[in-house]
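Each chain, written out:
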Amino acid sequence: MSNITRADFDRYEMGVYNPAPFIPVKGKGSKFWDQDGNEYIDFAAGIAVCALGHCHPEIVKALQEQSEKLWHISNYMCTEPALKLAKYLVESTFADKVFFANSGGEANEAALKIARRYAFNKYGADKDIIISFENSFHGRTLFDVTVGGQAKYRDGFGPLPGNIVHVPFNDLEAFKQVINDKVCAVMIEPIQGEGGIIPADKEFLQEVRNLCNQHNALLIYDEVQTGFGRVGKFFAYEYYNVVPDILTSAKGLGAGIAIGAMLTTNEIAESFKPGVHGTTFGGNPLATAVACKSYELVNQPEFLKGVEEKAKLFNEKYQALNNKYNCFKEIRGAGLLIGAQLKDESKLKEVTSACLKHGLFLLTAGHDVVRTVPALNITNEEIEAGFAKYDEALAEVFGK
Ligand SMILES: Cc1ncc(COP(=O)(O)O)c(C=O)c1O
């Protein structure tokens, strides 16, 4: 065994996380193992990132093959994997153009910047207000935390970018109070992720779209968590049937490798000219080669149908747990983005810690929600094994 231990985190890494007491060293499908050989079932998939589980053989092959061809060349030249991925994304969405970044936060930063620049070019400097929603999460750049609807992520980082307005999610009357001709963009997660797996109401989203049209404001969907097959459609806007002007993707897109993308129409894309925006690593050949393979596996009718079938099984299993322990107030979400809201929010940490102790990795969202975002290809056997552990953990927390 290596001499690297969990104590090295406290000694050498900045304490922005509070990692588990063990160190995972190997993963396969929806299972992983720690340094001591203990096995875990993974219902978290690296926070909705490992869409195809750990070390999927075709993804490994795509990375290996690209790693022997070309790693990085800079954006002075284009590369085959990035062009192929851009074509895939354009051909399967509303968008005409793609900008590649390295993370969800960066994709959102690009989306917010292009929205302001587009309004500036077309309507002048006065149209710069951005509306977003309380409880939302859009990443960690200064612009992202300011647009994000959770004060704890922006407090103490001022001065912050200005003219950003937050309104309660799913509250049409509040939204009508703030939308006007000075608004350049509205940013929304179709289903709030970090905030507690809260789906937008369909009528609300449709009305936001209509009001954006009326006021020439761009509608930006942050699909970093909801996209790439997570809800049983390629993107959640298909699930809602309400199309945005700009969409951001990351997480599952790279199946575990760092990549982000911002998608938009030709007209809006015109606002990003050479030099206006960019990144050294965005669209890197290794990341885009992996994302191409991930796309080829995920964006298939059979695969997406499988996501819905697995979601059904997860919901049945959750209902069975709730029948036994009566601990959940609501089980909600879409596809394999599942939030189980606890009746007693003080038990949240205890539940996820007990699960981990029994060998099941789950996440939290908001202050009272257990978040389940497994790999999209998790097997029925892995689901059964995970819920057996879940059952043991809940018995420990709530009594049999
Ligand atoms: C909806 C949403 N947007 C943006 C982000 C930020 O993505 P990243 O951590 O890759 O910057 C996240 C991350 O959890 C997210 O869930």
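Just so it is clear, the model here is predicted, and its values are computed rather than measured.

(A) Quick peek at the overall build of the chain. For the chain, the count of helices and strands is 14 helices and 17 strands. The globule rule puts the C-alpha radius of gyration for 400 residues at 21 Å, and the 21 Å found for the chain is close to it. Residue burial in the chain is summarised as follows: out of 400 residues, 53% are buried. Of the contacts formed within the chain by residues at least 6 apart in sequence, a portion of 71% connects residues at least 24 apart.

(B) View of the sheet that holds strand E14 (residues 337-342). Spatially, 4 strands are ordered E13-E14-E17-E16 in an open sheet, and the strand pairing comes out antiparallel. In this open sheet, the two strands that pair with only one neighbour each are strand E13 (328-334) and strand E16 (363-365). This sheet shows a mean twist of 30° between the axes of neighbouring strands, independent of strand direction. Summarising the sheet, E14 and strand E17 (residues 369-372) pair through 4 bridges and their orientation is antiparallel. Residue pairing for E17: alanine 340 is matched across the bridge by valine 370. Across the sheet, helix H12 (residues 301-325) is in contact with E13, E14 and E17; its angle to E13 comes to roughly 175°. On top of the sheet, helix H13 (residues 348-357) reaches E14, E16 and E17; it is set at about 35° to E17, its chief contact.

(C) Structural view of the pattern of salt bridges. Per the counting criterion, the structure on display carries 18 salt bridges. A salt bridge links glutamate 194 to arginine 371; the nearest nitrogen and oxygen atoms lie 3.1 Å apart. In this pair, glutamate 194 is assigned in the loop between strand E8 (191-192) and strand E9 (198-199) and arginine 371 in strand E17, connecting sequence segments 177 residues apart. Residues lysine 357 and glutamate 396 are paired through a salt bridge, measuring 2.6 Å at the closest nitrogen-oxygen approach. Separated by 39 residues along the polypeptide, lysine 357 in helix H13 and glutamate 396 in helix H14 (residues 380-398) bring together distant segments of the chain. On the basis of relative accessible area, glutamate 396 is assigned to the partly exposed category, the value being 42%. One salt-bridge network, held together by shared partners, links Glu58, Lys84, Lys293 and Glu296.

(D) Representation of the site of the ligand within the structure. Surrounding the ligand, one finds 13 residues, the nearest of these being Gly104, Gly105, Glu194, Asp222 and Gln225. Considered on its own, the ligand offers 390 Å² of accessible surface; in the complex 81% of this is hidden by protein.

(E) Here's a closer look at the environment of lysine 324. For lysine 324, the position within the fold is in helix H12. Overall, lysine 324 belongs to the exposed group, its relative accessible area being 52%. Along the primary structure lysine 324 and valine 90 are separated by 234 residues, whereas in three dimensions their C-alpha atoms are 46 Å apart. A polar contact of 3.0 Å, which involves the side chain of lysine 324, links it to the side chain of aspartate 391.

(F) The arrangement of the nonpolar core in detail. Ranked by internal contacts, the top residues of the largest apolar core, which has 96 residues, are Phe175, Val186, Tyr318, Phe328, Val370 and Tyr390. Ranked by residues supplied to this core, first place goes to H12 with 9 residues. Built from parts of two domains, this core gets at least three residues from each of domain 1 (7-56 + 301-398) and domain 2 (59-298). The residues contacting phenylalanine 328, other than those within four sequence positions of it, are Tyr318, Leu321, Asn322, Ala340, Gln341, Leu342, Lys343, Tyr390 and Leu394. Counting residues in each nonpolar core, the second largest holds 22 residues, with Ala111, Ala185, Met187 and Ile268 among its members.

(G) Highlighting the sheet that holds strand E6 (residues 164-167). Strands sit in the order E4-E12-E11-E10-E7-E5-E6 across an open sheet of 7 strands; the sheet is mixed. The two strands at the open ends of the sheet, each matched to only one other strand, are strand E4 (97-101) and E6. Neighbour-to-neighbour, the strand axes of the sheet open up by a mean angle of 20°, direction not taken into account. Relative to strand E11 (residues 246-249), strand E10 (residues 218-222) runs parallel, the two being bridged by 3 bridges. Pairing of tyrosine 221 across the sheet is with leucine 247, part of E11. On top of the sheet, helix H8 (residues 202-214) reaches strand E5 (129-133), strand E7 (183-188) and E10; it is set at about 145° to E10, its chief contact.

What counts, and where the lines are drawn
Residues numbered from 1 in each chain as written. Predicted model: local features only at pLDDT ≥ 70, side-chain atom pairs only at ≥ 80, totals over all residues. Heavy atoms only, no water. Helix = DSSP H or I, 4+ residues; strand = E, 2+ residues; numbered from the N terminus. Rg over C-alpha atoms; globule rule 2.2 N^0.38 Å. Buried < 20%, exposed > 50% of the residue type's maximum accessible area, 1.4 Å probe, protein only. Contact = heavy atoms within 4.5 Å. Pairing = 2+ DSSP bridges. Axes fitted to C-alpha atoms, helices over the stretch in contact; angles between N-to-C directions. Salt bridge = Lys/Arg side-chain N within 4 Å of Asp/Glu carboxyl O. Near = heavy atom within 4 Å. Areas by Shrake-Rupley, 256 points an atom, 1.4 Å probe, with all protein chains shown as cover. Polar contact = N/O pair within 3.5 Å; in protein donor to acceptor, adjacent residues only side chain to side chain. Core = buried A, V, L, I, M, F, W, Y, C linked by side-chain atoms within 4.5 Å. Domains from an automatic or database assignment.

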